[in-house]
Each structure stands twice: as C-alpha cells, then as structure tokens.
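# Structural characterization, general
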Amino acid sequence: MSWDTPLADRVLNLKPSPTLAVDAKAKALKAQGVDIVNLSAGEPDFDTPDHIKDAAIKAIREGFTKYTPVGGIAELKDAIINKMSSQYGLDYEPEQVLVSTGGKQGLYNVIQAIVNPGDEVIVPVPYWVSYPAIIELAGGVPVFLPSEAGNNFAIDLDELTRLVNHKTKMMILNSPSNPTGAVYDTDILKGVAALAVEKGFYVITDDIYDEIRFDGKSPENPASVLPEAKEHVIVANGVSKTYAMTGWRIGYLAGPSPVIKAATKIQSQSTSNANSIAQKAAAAALSGPRDCIETMVKAFKERRDYIVERLNGMEGVSCPMPQGAFYVFPDMSSLIGTKAGGKDIESSLDLADYLLEEAKIACVPGIAFGDDRFIRFSYATDKAVIEEGMNRLEDALKNLEK
Ligand SMILES: *Cc1c(COP(=O)(O)O)cnc(C)c1O
C-alpha cells in the first residue's frame, strides 16, 4: 500500500519565513568557507549584557527551573507594567499582560484569540514577513494597504478608511518598522486609533523596535496617543531586539482583559509558560540599567548614517532615511529589468540571488515584505562588514547591463 503522507490544509500554503531562510543560506555558505558579507540578519550583533546573563545564572543556581504561571511571573509582569506606564503613560493590571515565547508567539496567540475564519486584517505594506502567515493560520484574510517610500511609508488614512468594512476585525501596525525603519507620526497613530474606535476593530501595535529609534523621542502607540482607544489596542513587544536577547525567547502582550485572557488560554494549551530562566533574565533587562540600550542605539545610528549615504551614492539606488530599527530598505526598482551575464534580473528575488552568487552579499528581497521594488539590508553588523558589503554592492551594480 502506498501512503502519500497527507498533511493539513493549513500547512499546504504556508511558506517558511523567507528572512530566516536567507540567513540560513548565508550561514551555510559561510560554513563551506565562502566569504559572505551577511547583511540579512534580523537581530542585533551585540551580546546580551552581563547583568542580564547574571540574573539567568542566578535563577538556575537557585533552582528557578520549574513551571511558572502560564501568563508569566509576577516580577516580569511588574517590570512590563512599569515600562508601559513610564514610557507610554499606559496603565495595565497583571491580568492584562501575557508573557510568551518571543514576540512572535505573542502575536500568534493574540491573532488566534481574535480572528475568525473569513475575518479581514489590514496589514500595511511593506510588512513584517510573518504577519500574513500568522493571519492565514487563523483562517483570516490579510488585506494589504500599500505605502510609498517617498512619503516615508506613511499610512494614507483615506485609503485605510476605504478598506474598512464589516469584515474588518483588526489592523497591524509596526513602528519603527521592519523592514523600512520608518516611524509613524503621532497624527497617523491618532487617525488609526480614532478609526478603530469609530468602526469597531482591534489594532495590534508591534512595538518590538520601540527603543531603537534615532530621533530621541519617547515611544508612542495608538493607545498612548488616544487613551479612549485603549480597549481596542493590543501592544505586542519583547526583549529580543532592545536587549540583544533574540535567543532567549521572551515577548509579551498588553491589552484588554478579555483578549489577554483568551490569548493566555491558547498558550495554556500549547506551550504553557515561557522559559522560567529567561523570564528572570527579561525581568532584569526591563528593570535594569539603560546604558546598554544607549550604546547599541548610538552604534546603530552611526552605521545607519554610513549605509544610507553609501546607498544613495550608487546609481539606480534610492534609500529613504530610517528613523528606527536596524534595517535600510532602498528602492532598487530601476535595476530590475537589467541583465547580469546574460541572465535577466526580473524581480527583487533575482537581484538578491545575483548579489548572493556574484557579490557574496546576503540580503533579503523586498518581495518577502510584499514590495518587489526594494531590497532589505540589515546594518546589525560591524561597520567594517557594512563597508565591505557596500563596496561589493557598488561593484556588482556596475556590472548590470541595461
Ligand atoms: C523580531 C521581530 C519580532 C519578534 O521577535 P521575537 O524574536 O519573536 O521576540 C516581532 N515583530 C517584528 C517586526 C520583528 O522584527
């Protein structure tokens, strides 16, 4: 008897994360001895600060190695509540906070908790790679809202209003943004928040890069700029990016009690609590000194200034100035339609493949984020690596035939 190993419909159309795939390909080539300049990383290149590691070591030594409450330990929830209050002026009770295994699991849980099959979720483009997949896994329908680099990837509120209908359940915002580094103006956040109240939908605000911003302003989200919208807003955040803790897997949600309760229930039947030791480390991170963040942000800013200048000095490349995160997202559409060694460059994927094969630069094609005109380069790596990457890029682009 033959067995065709049937799988669930929900995975048949599911694509693995393209950013993790590029990173894996770059690391594999590197392991084979190929001299790759990796500008695809989605994580800080800094080490987790020592005081955070020490808290984890102490937790292990003290035997803090058992199940914790599903939603997270009180000490960490308090640290999260303090952050939300001191930085955003938003007050939450412990039952309005859920600690998850990374920001991504928080997003997954809350979307499972809110979205019914057929519900529409508005997603601004360019988007973080996992939003459409997580929405579709819940049976939801992502509805894309395009934006333009020339306008700093701002949300067009009229366009947004046109997309809202009786099926609209939710919208996702990400500011500072991965991949663009753009930060939404207060007016946009207010406009979205007001529309959510008027039309009755939720807004998830993915604030994972909230402390990696270069304008010196304190972070904002739709709930902080329009307090009456708070019951519509779910904050998704985590320690991965701010404290260089991607491997520790701690993220969190803050939002209305019924939503957080529902997301907690889903977590209770899937992963249970996030890692107990990592929770102690995250509590130390959130309540500890802030100079580690300042050091990182200062380094990111210097690298940003350098890479933007280099990119804008190349023919056919137009790079907006990011306000946060650690990515640049240049428009390279004028190079699509060229040829390289007789091969047609017909998409951002072709261009990224060409750069990997010929220039040995790993980067992520814009199509992974929903816009084929762009390429994402991460500058979460040494200045010398960025410089070498830009030299190679400049040479590689000169070899493209019109
Ligand atoms: C990195 C990232 C996350 C979550 O990361 P975790 O490692 O799961 O904490 C969420 N949203 C965006 C936009 C990200 O770039």
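Moving on to the sheet that holds strand β3 (residues 120-124). One open sheet holds the seven strands; their spatial order is β2-β8-β7-β6-β5-β3-β4, and the pairing between them is mixed. Only two strands of the sheet have a single neighbouring strand rather than two, namely β2 (97-100) and β4 (141-145). Direction aside, the axes of adjacent strands within the sheet are offset by 20° on average. Its contacts with the sheet put helix α5 (residues 103-114) on β2, β5 (168-174), β6 (202-206), β7 (233-238) and β8 (251-254), and the angle it makes with β6 is roughly 175°.

Where a protein is soluble and globular, its nonpolar side chains tend to be buried together. In terms of nonpolar packing, the biggest core is built from 78 residues, with Phe377 and Leu393 touching the most fellow members. Among the elements that take part in this core, helix α12 (residues 291-312) stands out by supplying nine residues, more than any other. Within the second largest apolar cluster, 38 residues are counted, among which are Ala26, Val115, Val123 and Ile204.

Each aromatic ring pair is described using two quantities: the centre-to-centre distance and the angle formed by the ring planes. Enumeration according to the criterion identifies twelve aromatic pairs in this entry. Measuring from ring centre to ring centre gives 6.3 Å for phenylalanine 153 and phenylalanine 329, while their planes differ by 55°; the resulting arrangement is tilted. Separated by 176 residues along the polypeptide, phenylalanine 153 in the loop between β4 and α7 (157-163) and phenylalanine 329 in the loop between β9 (327-328) and β10 (339-340) bring together distant segments of the chain. A single burial state applies to phenylalanine 153 and to phenylalanine 329, both of which are buried. Residues phenylalanine 300 and tyrosine 379 carry aromatic rings whose centres are separated by 6.4 Å and whose planes lie at 70° to one another, so their mutual orientation is edge-to-face. Of this pair, phenylalanine 300 sits in helix α12 while tyrosine 379 sits in the loop between β14 (375-378) and α14 (383-398); the two residues are 79 residues apart in sequence, bridging distant segments of the chain. For the pair shown, phenylalanine 300 and tyrosine 379 are each scored as buried. Aromatic rings pair up to connect Phe46, Tyr209, Phe300, Phe326, Tyr327 and Tyr379 into one cluster. The residue whose ring lies beneath lysine 280 is phenylalanine 64, and the NZ or CZ to ring-centre distance is 4.6 Å.

For the rest of this paragraph, the subject is the pattern of salt bridges. For side chains of opposite charge, pairing can occur when their charged atoms come near one another. One pass over the full model with this rule turns up 21 salt bridges. Here glutamate 148 makes a salt bridge to arginine 373, at a shortest N to O gap of 3.2 Å. In this pair, glutamate 148 is assigned in the loop between β4 and α7 and arginine 373 in the loop between β13 (364-365) and β14, connecting sequence segments 225 residues apart. Taken together, the shared-partner salt bridges in this structure form one network comprising Lys83, Asp210, Glu211 and Arg290.

Another aspect to go through is the layout of surface pockets. Estimates place the volume of the largest pocket at around 550 Å³. Along the walls of the largest pocket sit 28 residues, with Leu20, Gly42, Lys104, Trp128 and Lys241 positioned nearest its centre. When residues of the lining of the largest pocket are traced back to their parent elements, those giving at least two are α2 (18-31), α5 and β7. Among the elements that line the lining of the largest pocket, the one with the most residues is α2, at four residues. By residue class, the composition of the lining of the largest pocket is ten nonpolar, ten polar and eight charged. Roughly 420 Å³ of internal volume is contained in the second largest pocket. Residue lining of the second largest pocket: 20 residues in total, with Lys15, Pro18, Val129, Pro132 and Ala133 positioned closest to the centre. Counting residues per element, the ones that place at least two in the lining of the second largest pocket are α5, α6 (130-137) and β4. When residues of the lining of the second largest pocket are assigned to their parent elements, the largest contribution, six residues, is made by α6. The residue inventory of the lining of the second largest pocket, partitioned by class, reads 14 nonpolar, three polar and three charged.

Another aspect to go through is the site of the ligand. Close to the ligand lie 13 residues, the nearest being Asp206, Tyr209, Ser240, Lys241 and Arg249. Here an oxygen atom of the ligand and a side-chain polar atom of asparagine 178 are 2.9 Å apart. Serine 240 is positioned such that a nitrogen or oxygen atom in its side chain is 2.7 Å from an oxygen atom of the ligand. With respect to the detected pockets, the ligand is housed in the largest pocket. Residue composition of the shell around the ligand, grouped by class: four nonpolar, five polar and four charged.

This next bit is on the side chain of lysine 83. Checked against the element boundaries, lysine 83 lands in helix α4 (residues 74-88). Within the local environment of lysine 83, its side chain forms a polar contact with the side chain of glutamate 211, the two groups lying 2.9 Å apart. Setting aside anything within four residues of it in sequence, one finds lysine 83 in contact with Tyr88, Asp210, Glu211, Asn237, Tyr252 and Leu286.

Scoring rules and cut-offs
- Residues numbered from 1 in each chain as written.
- Predicted model: local features only at pLDDT ≥ 70, side-chain atom pairs only at ≥ 80, totals over all residues.
- Heavy atoms only, no water.
- Pairing = 2+ DSSP bridges.
- Helix = DSSP H or I, 4+ residues; strand = E, 2+ residues; numbered from the N terminus.
- Axes fitted to C-alpha atoms, helices over the stretch in contact; angles between N-to-C directions.
- Contact = heavy atoms within 4.5 Å.
- Core = buried A, V, L, I, M, F, W, Y, C linked by side-chain atoms within 4.5 Å.
- Buried < 20%, exposed > 50% of the residue type's maximum accessible area, 1.4 Å probe, protein only.
- Phe/Tyr/Trp six-rings, centres within 6.5 Å; stacked < 30°, edge-to-face > 60°.
- Lys NZ or Arg CZ within 6 Å of the ring centre and 35° of its normal.
- Salt bridge = Lys/Arg side-chain N within 4 Å of Asp/Glu carboxyl O.
- 1 Å grid on protein atoms, 1.4 Å probe; cavity = no way out; pocket = protein on both sides within 12 Å on 5 of 7 lines; lining within 4 Å.
- Points joined across faces, edges and corners; volume = space filled by probe spheres on them.
- Nonpolar A, V, L, I, M, F, W, Y, C, P; charged D, E, K, R; others polar.
- Near = heavy atom within 4 Å.
- Polar contact = N/O pair within 3.5 Å; in protein donor to acceptor, adjacent residues only side chain to side chain.
- Sits in = over half its atoms within 2 Å of the grid points.

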